[in-house]
Every structure is written in C-alpha cells, then in structure tokens.
Amino acid sequence: MTFKRQDYINWDEYFMGVAKLASLRSKDPNSQVGACIVNPENKILSMGYNGFPIGCSDDEFPWAREGDTLNTKYAYVTHSELNAILNYRGGSLEGCKIYVTLFPCNECAKAIIQAGIKTVIYADNKYDGTPSVEASKKLMTAAGVKFECYKPTGRKITLEV
C-alpha cells in the first residue's frame, strides 16, 4: 500500500503563500502587499495587491512617500485588500477569510467589514500602534471580525518560473 506524502503545505501556508506571491505584482518601491480571499470551503475566490487603479499608469502617478499629498502615492494607491474585494465578481464574500501580508488599515477594515469577511489572517503588523491600525482593530472588534497573526512554519518554498 502506498501512503500519502507527509510534507505537503497546510491551508494557512498555502493561502499566505498566494498572498505573498500576489504581493510580488506590486510596483510600489517600498511596500509590496498581497491579499487572498478564501471561502469557508477553502476555495480561493479573489486576490489583490497594492497598486494604482486600472487605467492609471504606474509610470505617470507618483510613488513617493513624503511631500505634498498630490505628489505622493497615498492619494492614488488602492490597497491589496480593497483590490481583492473589488476583483471578486462572484457575489457575496459573507463568512470568508482574507489572508494579507500586512495588517489592514482602517479604510480596508471598513471594506472588509462591509463585504462580510469574518476573519483576517495577517503576516506582518509593522504599523502596530498607529492611529490607522488602532482604528482598524477597534472597527473589526466591534463588527465581530476576528484577526490573527499568521504563524510561520519556517518552511521555505522555492518557485522557478
């Protein structure tokens, strides 16, 4: 009798890996963020990464982090979570999970809540303690959205493309 292999990746590794792979599509020179939305049956429904809206050139809009608001990326970039939500064309996201490489800001938290997503699994929270993250936590807690830090297994996965 042949037995199944034992070194396969678990669901969290798989979905966070997809979110990390999606982040590699971002042209942002400072922060590449990816998101993957999964239904309760562990089916991937949508993905997204941070970047400019469709039709807005990556070469014509600013990537700067500092300066006048209209000359920085902040007025123009769509975050990975919102992109994943907007990319989904299949109906409701009620009860889904979102895997994201960076803890959601307060604006993305609002979209996550409104979309009906019930769980956020995040890899990094480098802005913990900032007003945006504190507001996000407060909003998600009030709305019953669970958030938990991804627990890395230390497994290294190499892709050759």
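Structure: see above.
Bear in mind that the values here come from a model prediction, so they are computed numbers and not experimental data.

Hey, could you run me through the pairing of strand 1 (residues 34–38) in this one?
The side chains of a regular strand alternate between both faces of the sheet. When you tally the buried positions in strand 1, you get 5 out of 5 residues, the bulk of the element. By the bridge criterion, 5 bridges tie strand 1 to strand 2 (residues 44–49) in an arrangement that is antiparallel. Among the inter-strand pairings, Gly 34 is bridged to a residue of strand 2, identified as Tyr 49. Here strand 1 folds back onto strand 2, and the loop between the two strands holds 5 residues, one of which, Asn 42, carries a positive phi near 65 degrees.

I would appreciate a short explanation of helix 1 (residues 11–23) in the present structure.
Think of an α-helix as turning once every 3.6 residues; residues three or four places apart then point the same way. Between its first and last C-alpha atoms helix 1 spans 18 Å; for 13 residues at 1.5 Å apiece the expected length is 18 Å, and the two agree. Burial in helix 1 covers these residues: Glu 13, Phe 15, Met 16, Val 18, Ala 19, Ala 22 and Ser 23. Where helix 1 starts, the residue carrying a side-chain oxygen 3.0 Å from the main-chain nitrogen of Asp 12 turns out to be Asn 10.

Would you mind going over unusual backbone geometry with me for this structure?
Negative phi values dominate among residues other than glycine, just as trans dominates among peptide bonds. One non-glycine residue, Asn 42, lies in the positive phi region at around 65 degrees. Its location among the elements puts Asn 42 in the loop between strand 1 and strand 2. Asn 42 sits in the partly exposed class, given a relative accessible area of 25%.

Got a minute to help me understand the environment of Lys 138 in this structure?
Tracing the backbone shows Lys 138 in helix 4 (residues 131–143). According to the relative accessible area criterion, Lys 138 is exposed, its value standing at 66%. Sequence-wise, Lys 138 and Ala 109 are 29 residues apart; in three dimensions their C-alpha atoms are separated by 9.5 Å.

Honestly, the pairing of strand 3 (residues 97–100) in this entry has me stumped. Any pointers?
The sheet contact formed by strand 1 and strand 3 spans 4 bridges and is antiparallel. Its bridge partner being in strand 3, Ala 35 is matched across the sheet by Val 100. As defined by bridge partners, strand 3 adjoins strand 4 (residues 119–122) across 4 bridges and the pair is classed as parallel. Residue pairing in the sheet places Val 100 in a bridge with Tyr 122 of strand 4. Each parallel crossover has a hand, and for strand 3 linked through helix 3 (residues 106–115) to strand 4 it is right-handed.

Before we go on, may I ask you to explain the pattern of salt bridges in this structure?
Side-chain pairs of opposite charge can arise whenever the charged atoms involved come near each other. Per the stated rule, a full pass over the model turns up 7 salt bridges. Of the charged contacts in the structure, one is a salt bridge between Lys 137 and Asp 128, with a shortest N-O distance of 2.6 Å. Glu 134 is the partner of Lys 137 in a salt bridge, and the nearest nitrogen-oxygen pair spans 3.8 Å. Taken together, the residues span about one helical turn, with Lys 137 and Glu 134 both in helix 4 at a distance of 3 residues. Salt bridges here are not isolated pairs; linked through shared partners, they connect Asp 128, Glu 134 and Lys 137.

I would appreciate a short explanation of the packing of helix 3 against helix 4 in the present structure.
The description of two helices packed together rests on the angle between their axes and the distance between the axes. Contact geometry for helix 3 and helix 4: axes closest at 8 Å, N-to-C directions at 15 degrees. Put simply, helix 3 runs roughly parallel to helix 4. Helix 4 is crossed by helix 3, and the crossing has right-handed handedness. Between helix 3 and helix 4, the residues in contact are Asn 106, Ala 109, Lys 110 and Ile 113 and Ser 132, Ala 135, Ser 136, Leu 139, Met 140 and Ala 143, respectively. Here the contact of helix 3 with helix 4 is composed, by residue class, of 6 nonpolar, 3 polar and 1 charged.

What counts, and where the lines are drawn
- The numbering scheme is per chain: residues are counted from 1 as the chain's sequence reads.
- Reporting of local features is limited, given that this is a predicted model, to residues whose pLDDT is at least 70; pairs of side-chain atoms are given and counted only at 80 or more, and all residues count toward the totals for whole chains, interfaces and linings.
- Excluded from the side-chain calculation are hydrogens and water; included are all heavy atoms of the structure.
- For each residue, the accessible area found with a 1.4 Å probe, counting protein chains only, is set against the maximum for its type, and the residue is called buried under 20%, exposed over 50%, and partly exposed in between.
- To qualify as a helix, a DSSP run of H or I must reach at least 4 residues; to qualify as a strand, a run of E must reach at least 2; elements of each kind are numbered from the N terminus.
- Strand pairing is assigned whenever DSSP identifies at least 2 bridges connecting the two strands.
- Helices are assigned an expected span. That span is 1.5 Å times one less than the residue count.
- The term polar contact refers here to a pair of N or O atoms within 3.5 Å; inside protein, the definition further demands a hydrogen-donor-capable atom paired with an acceptor-capable atom, and it admits residues adjacent in sequence only when both atoms are side-chain atoms.
- If you view a crossover with the strands going away from you and the path from the first strand over the helix to the second runs clockwise, you call it right-handed.
- A pair is scored as a salt bridge if a Lys or Arg side-chain nitrogen falls within 4 Å of a carboxyl oxygen belonging to Asp or Glu.
- Between N-to-C directions, angles span 0 to 180 degrees; the directions come from axes that are lines fitted to C-alpha atoms, helices contributing only their stretch in contact.
- The labels follow the angle: roughly parallel below 35 degrees, roughly antiparallel above 145, roughly perpendicular from 65 to 115, and oblique for the rest.
- Note: crossing handedness is left-handed where the near helix turns anticlockwise from the far helix by less than a right angle, and right-handed where it turns clockwise.
- Two residues qualify as a contact provided that any one of their heavy atoms is within 4.5 Å of a heavy atom in the partner residue.
- When residue character is reported, Ala, Val, Leu, Ile, Met, Phe, Trp, Tyr, Cys and Pro are called nonpolar, Asp, Glu, Lys and Arg charged, and the others, Gly included, polar.

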